[in-house]
Amino acid sequence: MSRPFRWGCLSTAKIAREHVLPAIARSETGVLHAISSRDAGRAQIAATRFGAARWYDSHDALLADRDVDGVYIPLPTSHHTEWAIRAAEAGKHVLCEKPIALKASDIDRIAAAGQDNNVLISEAYMVWYHPQWHKVRELIQNGSIGRLRQVTGGFSFYNVDPANTRNQLEAGGGALPDIGVYPVITTLMSTGSVPLSVEAQVEFSPEFETDIYAQAVVRFEGFNLNFHVSTQMALHQSMRFMGETGWIDVRAPFNAGDYGAAEVVLHDQTNAQQQVFRFTSARQYQEQVDAFALACAGNGSGVVPLSLSRQVQEVLDQIYAAGRSENR
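Because the structure is predicted, anything quoted here is derived from the model rather than measured. (Residues numbered from 1 in each chain as written. Predicted model: local features only at pLDDT ≥ 70, side-chain atom pairs only at ≥ 80, totals over all residues. Heavy atoms only, no water.)

Student: Residues and numbers for the overall build of the protein chain, please.
Tutor: Helices and strands together make up the secondary structure of the protein chain, namely nine helices and 14 strands. Here the protein chain has a C-alpha radius of gyration of 20 Å; the compact-globule value for 328 residues is 20 Å, and the two agree. Seen through its principal axes, the protein chain has C-alpha atoms that stretch 60 × 50 × 35 Å. Looking at the protein chain residue by residue over its 328 residues, the buried ones come to 54%. Of the contacts formed within the protein chain by residues at least 6 apart in sequence, a portion of 67% connects residues at least 24 apart. (Helix = DSSP H or I, 4+ residues; strand = E, 2+ residues; numbered from the N terminus. Rg over C-alpha atoms; globule rule 2.2 N^0.38 Å. Buried < 20%, exposed > 50% of the residue type's maximum accessible area, 1.4 Å probe, protein only. Contact = heavy atoms within 4.5 Å.)

Following this line, the structure appears as structure tokens:
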């Protein structure tokens, strides 16, 4: 790259402060140039903390900054589609937090905005960049577990705070948008398979009206993905890939470090032998921002494609449809 990629960040959200902005600060490919917030004081504090040259009290003002090459969008989920499109129309590359949309058809609009304005748009799935998932894909593809027959997964935590956007329907809250995406995308990217059908049950909160529990079976050719997610269950996450001659246990599969050490454990057919692959130095958020900056500069294309994002959202749309039908 001839010069560092100049990032703008729309919002001072927690995930930005704790993960993505520190990753940009460590990066050798980019710098944080500007940050915006409706609260000018928050924007100024974040700009000082992370070394941004400029701060703004409106997102439109940041998008008007000609020195910003691309933006990271960690706004509430319900704002993702609108601001991804507005950023593209302003000529900015876009890395947007998941889910990038709340229905699959909106991703078509986002993709069109990217194409029309010749900018890259990608969803911020940090798991895509973690080497533990590269290893899972490698083990499945090289036949280490034989024929894949079953994938099981779960992701849950307990949060009943009405002020939290995960519990606010108008903000795009709910278990499926927040964490249901992870078992789906990790299965898609590990297997390269296309979902065929979905069966699901969904429980909605009478207080928040958001989904607080979902259990789904996603059928693929030759295997099924069976997973559950909840915002009102004990803290847990897991992913397992069961084959005819072995199985893979992915430990701390989504939030490596926060939920334990990132490990991939390969078990043989009889559970007599194990191979443990550890990834102690991996930094998935830094890998993400570096890969995105390089792709924007034309030095790589290894980012999450919107076509994959659409596949994930199609599955979530079908889970919601099945769940609402079940609750009638």
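Student: Kindly report on helix H7 (residues 175–191), identifying the contributing residues and their values.
Tutor: For an α-helix the count is 3.6 residues per turn, leaving residues at separations of three or four pointing the same way. Taking 1.5 Å per residue as the helical rise, H7 with its 17 residues ought to reach 24 Å, and the 24 Å between its terminal C-alpha atoms agrees with that figure. Where H7 bends most, the angle comes to about 35 degrees, and this point is valine 181, followed within four residues by the proline proline 183. By the criterion of burial, H7 is predominantly enclosed, with 17 of the 17 residues buried. Where H7 terminates, the next one or two residues include glycine 192, which has phi positive at roughly 70 degrees. (Expected span 1.5 Å × (residues − 1). Bend = angle between axes of the 7 residues up to and from the residue.)

Student: Describe in detail the nonpolar core, supporting the description with residues and values.
Tutor: Counting 75 residues, the largest nonpolar core has Trp7, Val127, Trp133, Tyr182, Phe241, Ile248 and Ile319 as the members making the most contacts within it. Top contributing element to this core by residue count: H7, with nine residues. In this structure, Ala34, Val71, Ala87 and Val119 belong to the second largest nonpolar core, which totals 24 residues. (Core = buried A, V, L, I, M, F, W, Y, C linked by side-chain atoms within 4.5 Å.)

Student: Can you explain the packing of aromatic side chains? Please cite residues and give values.
Tutor: A complete count under the given rule lists nine aromatic pairs for this structure. A ring pair is formed by phenylalanine 155 and phenylalanine 254, whose centres lie 5.2 Å apart and whose planes are at 25 degrees; its orientation type is stacked. Of this pair, phenylalanine 155 sits in strand S7 (residues 148–158) while phenylalanine 254 is found in the loop between strand S12 (246–251) and strand S13 (263–268), placing the two residues 99 residues apart along the sequence. Owing to a relative accessible area of 0%, phenylalanine 254 belongs among the buried residues under this scheme. A ring pair is formed by tyrosine 182 and phenylalanine 254, whose centres lie 5.4 Å apart and whose planes are at 25 degrees; its orientation type is stacked. Placement of tyrosine 182 in helix H7 and of phenylalanine 254 in the loop between S12 and S13 is noted, with a sequence separation of 72 residues between them. Note on accessibility: tyrosine 182 and phenylalanine 254 belong to one class, buried. An aromatic cluster is present here, built from Tyr125, Phe155, Tyr182 and Phe254 joined pairwise through their rings. Here the guanidinium or amino end of arginine 86 rests over the ring plane of tryptophan 83, the centre of that ring lying 4.0 Å away. Above the ring of phenylalanine 277, the side-chain terminus of lysine 135 is found at 4.5 Å from the ring centroid. (Phe/Tyr/Trp six-rings, centres within 6.5 Å; stacked < 30°, edge-to-face > 60°. Lys NZ or Arg CZ within 6 Å of the ring centre and 35° of its normal.)

Student: So what's going on with the pairing of strand S11 (residues 232–243)? Which residues, and what values?
Tutor: As defined by bridge partners, S7 adjoins S11 across nine bridges and the pair is classed as antiparallel. Bridged to threonine 152 within S11 is arginine 240. Two elements, S11 and S12, share four bridges in a ladder whose sense is antiparallel. Paired with phenylalanine 241 across the strands is isoleucine 248, a residue of S12. (Pairing = 2+ DSSP bridges.)

Student: Summarise the pattern of salt bridges; cite the residues concerned and give the values.
Tutor: Any two side chains of opposite charge can pair, on the condition that their charged atoms come close. Under the definition given, this model contains 21 salt bridges. Among the salt bridges present, the one from aspartate 65 reaches arginine 54, with a minimum N-O distance of 2.8 Å. Remark: arginine 54 occurs in strand S3 (residues 54–56) and aspartate 65 occurs in the loop between helix H3 (59–63) and strand S4 (70–73); sequence separation between them is 11 residues. A relative accessible area of 4% places aspartate 65 in the buried class. Residue aspartate 249 pairs with arginine 240 through a salt bridge whose shortest N-O separation is 3.7 Å. Residue aspartate 249 is classed as buried on the basis of its relative accessible area, which comes to 9%. Here arginine 240 falls in the partly exposed class, since its relative accessible area comes to 37%. Several salt bridges share partner residues, and in doing so they unite Arg3, Arg6, Arg54, Asp65, Asp67 and Asp69 into one network. (Salt bridge = Lys/Arg side-chain N within 4 Å of Asp/Glu carboxyl O.)

Honestly, it's all geometry; don't read function into it.
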